[in-house]
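Below are the chains, spelled out letter by letter.
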Amino acid sequence: LVRRARPPHPTRRPLSPRIVPRGSVGPKDRLRLPRCDVRDFVSSIALCVAWRGRCVFESHMWTRGVEARKAEAYRIHVIERAFPVHVVGTMLAILASVVSKVRNPELMALFDTTLPWVDFRDVWAVVSYVLLVCTQHARATYVTHYEIACETFAWVGLMARCSISRYHPHLPWGVIRFVTVVASAMGLRYEIRTQWAVIVAKMATACLIDTRVKQKHGAPEHNGKPFLELLRVEFGTFVFLTVVTLVTQYALETVDKKKFETAWATRRGARYSRGNGAERRRARRGDAR
């Protein structure tokens, strides 16, 4: 029987004559590959690097955008937590100014030489009333400039308190100052990372003004004493009240931050579970908001 050769497969290409068995020798019998152009290689590498750089840049910009939105959401969250106490504080400020003016209608000037016609009780009442009206009828603008409103209220209230302490040094100012400091830490607070320096400056200013008021218009046991001696006593009060303010505000903000992180994570999960394809693609890349 003669064995017939199998016909070649119609789709199978014949073996190239350049590919020879391993045992063959000679430069003409080796596999010859086409040369690679250096310019094409360099351009390919450049395109890969440019594509990778673009991806990194877009991811960085997206991350920055997410962080900016989260920071603004956290700011609004802190304001929302402090806003009810803030509104009540403006009402109490108006009431305190009116009661003080009714009981003591005479002028209480804090600075005799520079501003002898200014009674900061009146200024505090007007500022508190304007802020209260803005909280009810221009809330969006008020929230936009919330930090300015808080500091204006606090500084004018500080001057009003110093004016009253000049003319009525017999009042229990230790208790009054402690209560007002705690109230301001609850109702006039925003993010402590931006407010702590203002708090220290405000307390230092109050320390200097109170020392000068005690030296010139204080109780008889304080009149005529050296400024540095009285400042040493007020410095202890300054440190104590500053620590109380910062600790109170830090404790409140810690609670607010925990609640915010929980709400932020819940909102991200809800957005992802709605089936938004774009959000799911961002989540796979690690860029989900």
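Note that the structure is predicted; figures quoted are calculated from it, not measured. (Residues numbered from 1 in each chain as written. Predicted model: local features only at pLDDT ≥ 70, side-chain atom pairs only at ≥ 80, totals over all residues. Heavy atoms only, no water.)

Visitor: Just to check I follow, could you spell out the overall build of the protein chain for this structure?
Guide: Across its full length, the protein chain holds eight helices and two strands. The order of α-helices and β-strands along the protein chain, N terminus first, is α-β-β-α-α-α-α-α-α-α. The proportion of buried residues among the 289 residues of the protein chain is 30%. Sequence separation of at least 24 residues holds for 71% of the intrachain contacts in the protein chain that already meet a minimum separation of 6. As presented, the protein chain carries roughly 19,900 Å² of accessible surface, and 65% of it is formed by carbon and sulfur atoms. (Helix = DSSP H or I, 4+ residues; strand = E, 2+ residues; numbered from the N terminus. Buried < 20%, exposed > 50% of the residue type's maximum accessible area, 1.4 Å probe, protein only. Contact = heavy atoms within 4.5 Å. Areas by Shrake-Rupley, 256 points an atom, 1.4 Å probe, with all protein chains shown as cover.)

Visitor: Sorry, what's going on with helix H6 (residues 192–217) here?
Guide: Count 3.6 residues to each turn of an α-helix, and residues three or four apart come out pointing the same way. Between its first and last C-alpha, H6 extends 35 Å over 26 residues, near the 38 Å set by a 1.5 Å rise per residue. For H6, the full list of buried residues reads Ile 192, Gln 195, Ile 199, Lys 202, Met 203, Ala 206, Cys 207, Ile 209, Asp 210, Thr 211, Val 213 and Gln 215. (Expected span 1.5 Å × (residues − 1).)

Visitor: Sorry, what's going on with the nonpolar core here?
Guide: Nonpolar side chains tend toward joint burial in soluble globular proteins. Counting residues in each nonpolar core, the largest one holds 30 residues, and the members touching the most others are Leu 110 and Tyr 146. Going through the elements one at a time, helix H1 (38–103), helix H2 (120–137), helix H3 (139–144), helix H4 (146–167) and H6 are the ones with two or more residues in this core. Setting aside residues up to four positions removed in sequence, Tyr 146 forms contacts with Arg 75, Ile 79, Ala 82, Phe 83, His 86, Gly 187, Arg 189 and Tyr 190. Counting residues in hydrophobic clusters, the runner-up holds seven residues, among them Met 203, Cys 207, Phe 238 and Val 244. (Core = buried A, V, L, I, M, F, W, Y, C linked by side-chain atoms within 4.5 Å.)

Visitor: Got a minute to help me understand the environment of Tyr 146 in this structure?
Guide: Residue position: Tyr 146 is located in helix H4. Judged by its relative accessible area of 0%, Tyr 146 is buried. Remark: the alpha-carbon pair of Tyr 146 and Tyr 190, spanning 44 residues in sequence, is separated by 8.4 Å.

Visitor: Could you clarify how one ought to interpret the confidence of the model for the protein chain in this entry?
Guide: Should pLDDT be low for a region, the predicted coordinates there are not to be read in detail. This prediction gives the protein chain a mean pLDDT of 78; 68% of its residues lie at or above 70. Under a pLDDT of 50 for its full length, residues 15–20 has, in the predicted model, six contacts with residues more than four places off or in other chains. pLDDT under 50 marks residues 269–275. Its contacts with residues more than four places away, or in other chains, come to seven contacts. (pLDDT = per-residue confidence, 0-100.)

Visitor: In this structure, what is going on with the packing of H4 against helix H5 (residues 173–187)? I would like to understand it.
Guide: Relative placement of two packed helices is described by the angle separating their axes and the distance separating the axes. As a packed pair, H4 and H5 sit with axes 12 Å apart at the nearest point and diverge in direction by 175°. On the basis of their axis angle, the class for H4 and H5 is roughly antiparallel. Two secondary-structure elements touch here, H4 through Tyr 146, Arg 161, Ile 164 and Ser 165 and H5 through Trp 173, Arg 177 and Gly 187. Considering only residue class, the contact of H4 with H5 consists of three nonpolar, two polar and two charged. (Axes fitted to C-alpha atoms, helices over the stretch in contact; angles between N-to-C directions. Parallel < 35°, antiparallel > 145°, perpendicular 65-115°, else oblique. Nonpolar A, V, L, I, M, F, W, Y, C, P; charged D, E, K, R; others polar.)

Visitor: What is the right way to look at the packing of aromatic side chains in this model?
Guide: For the structure on display, the rule yields seven aromatic pairs. Aromatic side chains Phe 83 and Tyr 142 sit 6.3 Å apart centroid to centroid with 80° between the ring planes, which places their arrangement in the edge-to-face category. In this pair, Phe 83 sits in helix H1 while Tyr 142 sits in helix H3, placing the two residues 59 residues apart along the sequence. Of the two residues, Phe 83 and Tyr 142, both sit in the buried class. For the pair Phe 178 and Phe 240, a centre-to-centre distance of 6.2 Å together with 20° between the ring planes defines the contact as stacked. Taken together, the residues Phe 178 in helix H5 and Phe 240 in helix H7 (residues 227–273) connect sequence positions 62 residues apart. The exposure class of Phe 178 is partly exposed, given its relative accessible area of 36%. (Phe/Tyr/Trp six-rings, centres within 6.5 Å; stacked < 30°, edge-to-face > 60°.)

Visitor: What is the right way to read the packing of H2 against H4 from this model?
Guide: The contact between H2 and H4 brings their axes to 8 Å, and the two run at 155°. Accordingly, the angle class assigned to the pair H2 and H4 is roughly antiparallel. Crossing hand, H2 versus H4: left-handed. Between H2 and H4, the residues in contact are Phe 120, Arg 121, Val 123, Trp 124, Val 127, Ser 128 and Leu 131 and Ala 149, Thr 152, Phe 153, Val 156, Gly 157, Met 159, Ala 160, Ser 163 and Ile 164, respectively. Class assignment of the residues belonging to the contact of H2 with H4 gives a composition of 11 nonpolar, four polar and one charged. (Left-handed = near helix turned anticlockwise from the far one by under 90°.)

Visitor: I keep staring at the pattern of salt bridges and nothing clicks. Help me out?
Guide: Opposite charge on two side chains permits them to pair, given that their charged atoms come into close proximity. Scanning the model with the defined rule gives 13 salt bridges in all. In this structure, Arg 75 and Glu 72 form a salt bridge, with 3.4 Å as the shortest nitrogen-oxygen distance. Taken together, the positions of Arg 75 and Glu 72, both in helix H1 and three residues apart, correspond to about one turn of that helix. Judged by its relative accessible area of 13%, Arg 75 falls in the buried class. A cluster of three or more residues bridged by salt bridges with shared partners is formed by Arg 161, Arg 177, Asp 210, Lys 214 and Glu 234. (Salt bridge = Lys/Arg side-chain N within 4 Å of Asp/Glu carboxyl O.)

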